[in-house]
Amino acid sequence: MVDPHCFSAFLSDGQTDLRGHIMRAAIDDITPEAEFRLHAQTGQKYFDVWKLWLKG
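Residues numbered from 1 in each chain as written. Predicted model: local features only at pLDDT ≥ 70, side-chain atom pairs only at ≥ 80, totals over all residues. Heavy atoms only, no water.

Visitor: If you had to explain helix α1 (residues 4-11) to someone new, which residues and values would you point to?
Guide: Of the residues making up α1, those classed as buried are Cys6, Ala9 and Phe10. Summarising the axial view, the buried residues of α1 lie within an arc of 95°, below the 170-degree limit, and thus occupy one face. Exposed side chains of α1 directed beyond 90 degrees from the buried face belong to Pro4 and Leu11. Phi turns positive one or two residues past the end of α1, at Asp13, with a value near 75°. (Buried < 20%, exposed > 50% of the residue type's maximum accessible area, 1.4 Å probe, protein only. Helix = DSSP H or I, 4+ residues; strand = E, 2+ residues; numbered from the N terminus. Arc of directions from axis to C-beta.)

Encoded structure:
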């Protein structure tokens, strides 16, 4: 399971470095059904799309 810190870090915004990409990979591992086929430049941008998908 992903450390809750991962989600907190994304929610506080600004995860645009390598750490953000690593956390993005962790999200894909725990929620493969929500894995998006998009070419986000940063983990933060990917998370933002993921969060919108969850809200429906």
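What follows picks up the thread again.
Visitor: Quick one: what's the story with the side chain of Gln15, residue by residue and with numbers?
Guide: Secondary-structure assignment places Gln15 in the loop between α1 and α2 (18-30). A residue is classified by how much of its surface remains accessible, and Gln15, at 12% relative accessible area, is buried. Setting aside chain neighbours within four positions, we find Gln15 in contact with Ala9, Phe10, Gly20, Met23, Thr42, Gly43 and Gln44. (Contact = heavy atoms within 4.5 Å.)

Visitor: Pulling in residues and values, what's your account of the environment of Arg19?
Guide: When you line up the elements, Arg19 lands in helix α2. Measuring from C-alpha to C-alpha, the distance between Arg19 and Ala9 comes to 10 Å, with ten residues separating the pair along the chain.

Visitor: I'd like a description of unusual backbone geometry, backed by residues and values.
Guide: Positive phi, close to 75°, is recorded for Asp13, a residue that is not glycine. Considering the arrangement of structural elements, one finds Asp13 in the loop between α1 and α2.

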